[in-house]
Every structure is written in structure tokens, then in C-alpha cells.
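Per-entry structural report
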Amino acid sequence: MAEKALTAVIQEAYIQGISTRSVDDLVKAMGMSGISKSQVSRLCAEIDGKVATFLDRPLEGDWPYIWLDATYVKVRQDGRIVSVAVIIAVGANTAGRREVLGMTIGPSEAETFWTEFLRTLARRGLRGVKLVVSDAHEGIKAAVSKVLCATWQRCRVHFMRNVLAHAGKSGRRVVSAFIGTAFAQDTAQAASAQWRQVADQLRPRSRKLAELMDDAETDVLAYMTFPPAHRTKLHSTNPIERLNGEIKRRTDVVGIFPNEAAITRLIGAILLEQNDEWAVQRSRYMTLESVAPLGDDALTRLPPIAAA
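Along each chain, residue indices are assigned from 1 in the same order as the chain's sequence is written. It should be noted that, the model being predicted, local features are given only for residues of pLDDT at least 70 and side-chain atom pairs only at 80 or more, the latter also being counted only at that level, while totals for whole chains, interfaces and linings use all residues. Side-chain measures here rest on the full set of heavy atoms in the structure, leaving out hydrogens and waters.

By the naming in an unreviewed UniProt entry, the protein chain is Mutator family transposase, taken from Rhodospirillum rubrum. UniProt positions are given in the numbering used here, feature names are shortened, and annotations may be inferred rather than shown by experiment. Note on the protein chain: under the UniProt heading Sequence similarities (unreviewed entry), the record states "Belongs to the transposase mutator family."

Listed below in C-alpha cells is the structure:
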């Protein structure tokens, strides 16, 4: 029993991002002899089975909304230290519940990488996707169109950072307020009209800003064609970036991973932990009444632009 308790403590400490040396101190504080790095690794390897089951589980039902994002970590490969992308998908289903759908590791965020990731999710049962939210990465956009045939939402927060970088320090507040008037509209039509009006107002002073708005209008305002009750959660990648922030906090403790299996073990365990927390929350991420009609089998349909 003591061994099981010790294993549980060490595994939980590992998932929480506590260093091997700190785990050794923790074990000693429990009145036991120290523990080596290899022993910690052996005990933590037991996490692998749980993580694999979680990441390979079937995806059931419809998932109208998906958020995609990537974070980078360092790993040893062939005697070198390289940076690899860890991409993560979070979805909201027609029951109004949020879940981590999957993760994978690759050398970069190339279109082929995202395409294979989305195809893997589709093979596991992902369906009914209406909107995918991510940053402005051409690889993601192309993969979403190819695999999911869903509307793509460009993260509004990332877009505003890009735009304001061209506004100059003195103009950022004014430009932000101008563009914000489009986001404050009640309908997609009103938002588009206001967006174009703001772009035209900015054009004489900054053609670059106006052209950025021209190019981004459809993608930044895509979320406006979806139910008003959902829009605050759909216009940016904030829901998944909070999760990535926690991942970064814990992986920073490791610094450099010995191999990709170790990355999958730690980040997969973090994702499993987060998914369990979401599962036991009393309140749904979105109300059942507002999200259920988005299912493919529902009688209520989305506006044509949202279902495209």
C-alpha cells in the first residue's frame, strides 16, 4: 500500500511539473529514502497507458466548435536540441460540454502536419464541425478547408495585435476603438458594414491598415454568423491558450525533454487532467438549449455562410 501511495504521489508531482530533484526532496520529507531520476522515470512510465487510451479514444457525437493551437518545446534528437510543435485540439459538443480532442508532435506547423492531425481526429469519429478557431496560420486554414469543410475563424486577439503593430504608439488606442465598433454590432451584416466603414475611414491615413482589414474581414468576423450566446467564446483562441499557458508552466520545469515520448507523457497527462476537471464541472461550457441545434441531425440549421 505504501508503494502504491508513493507511486501516486510521484506521478502527481511529475504531472504538476515538479523537478526530479524536488521529487527526491518530497520523498525524503515523507520519511523515506531518496529516489533516483531513473526510478522517477520508471514510475511515471505507468502514466503512458492512461495517456494513450485518452488520446486514442473514440470521439462520439457532433462537435460544432473546435479550437486549435500549438506550443513549442525543446527535445533532444540525434544528439541535437531542437524545437518541436505540440498541437492541441479542444472541442465543444452539442451537449454543451468541452473536451480535449487530441494532440500530436511534429517538427513544424506545416499544412501536411495539420492535415494529418485533423484526419486522425476524423478517423476517431470527429464530425459535425461548423467552426474552427485558430491563429492566422495558412497551414491550419488549408487543412481545415480540406479535411473538415468548416468555416475558419481567425483569432480576433491575434489579428488586433498584428493591426496595432502598424498603427504606431500614438494611434493604437484610436484604431483599436474604431475597429471595436464592428465587434459591438448585433448582426453579421451590421458588423461587416461597420468594418468596411472603419477601413475606409483609415484608408487616407494608413493604406496598410485598411488593406489588412480588407483582407481579414471574412475570417475575423466569421464568428458573427453563429449564435450570439456563443460569440464571446468563438472570436479568439483564448479558451485553448489558457491551457497552453499551464502546459508551458509545467514544461518549463523540464527544460529539454529527452525524447518525444516524454513530451507525450507529460503534456498528455496534463490534458487528461484538464479534461477530467471539465467533465466534473456542474455548469456546461455552453447551454444545451443554445448549442444542441447545431448538430447535423437537428431541424434547426445555421445560416448558409456558417455552414459553408
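Picking up where we left off.
With that out of the way, let us pick up the nonpolar core. With 61 residues, the main nonpolar core has Y65, W67, I179, W195, I263 and L271 as its most contacted residues. Only DSSP runs of H or I with at least four residues qualify as helices, and only runs of E with at least two residues qualify as strands; both kinds are numbered from the N terminus onward. No other element matches helix α13 (residues 260-280), which puts nine residues into this core. Nonpolar cores are built from buried Ala, Val, Leu, Ile, Met, Phe, Trp, Tyr and Cys residues. Side-chain atoms within 4.5 Å join them into one set. Three labels apply to residues, based on accessible area from a 1.4 Å probe with only protein chains included: buried if under 20% of the type maximum, exposed if over 50%, partly exposed otherwise in between. Of all hydrophobic cores here, the second largest spans 23 residues; its members include I66, I87, L118 and V144.

Relative to the elements of secondary structure, L294 occurs in the loop between α14 (288-291) and α15 (304-307). Since its relative accessible area comes to 4%, L294 is described here as buried. L294 sits 232 residues away from D62 along the chain, and the two C-alpha atoms are 8.4 Å apart.

The next point concerns the packing of helix α12 (residues 238-254) against α13. Relative orientation of the contacting elements α12 and α13 amounts to 145 degrees, with a least axis distance of 10 Å. The two elements α12 and α13 cross, and the hand of that crossing is right-handed. In contact with L243, I247, R250, T251 and V254 of α12, α13 contributes L266, I267, I270, L271, E273, Q274 and W278. Each residue receives one of three labels: charged for Asp, Glu, Lys and Arg, nonpolar for Ala, Val, Leu, Ile, Met, Phe, Trp, Tyr, Cys and Pro, and polar for the others, Gly being one of them. Grouping the constituent residues of the contact of α12 with α13 by class yields eight nonpolar, two polar and two charged. Here, axes are lines fitted to C-alpha atoms. For helices the fit covers the stretch in contact, and angles between N-to-C directions go from 0 to 180 degrees. Here is the rule for handedness: rotate from the far helix to the near one, and if that takes an anticlockwise turn smaller than a right angle the crossing is left-handed, while a clockwise turn gives right-handed. Note on definitions: a residue-residue contact is assigned when non-hydrogen atoms from the two residues lie within 4.5 Å.

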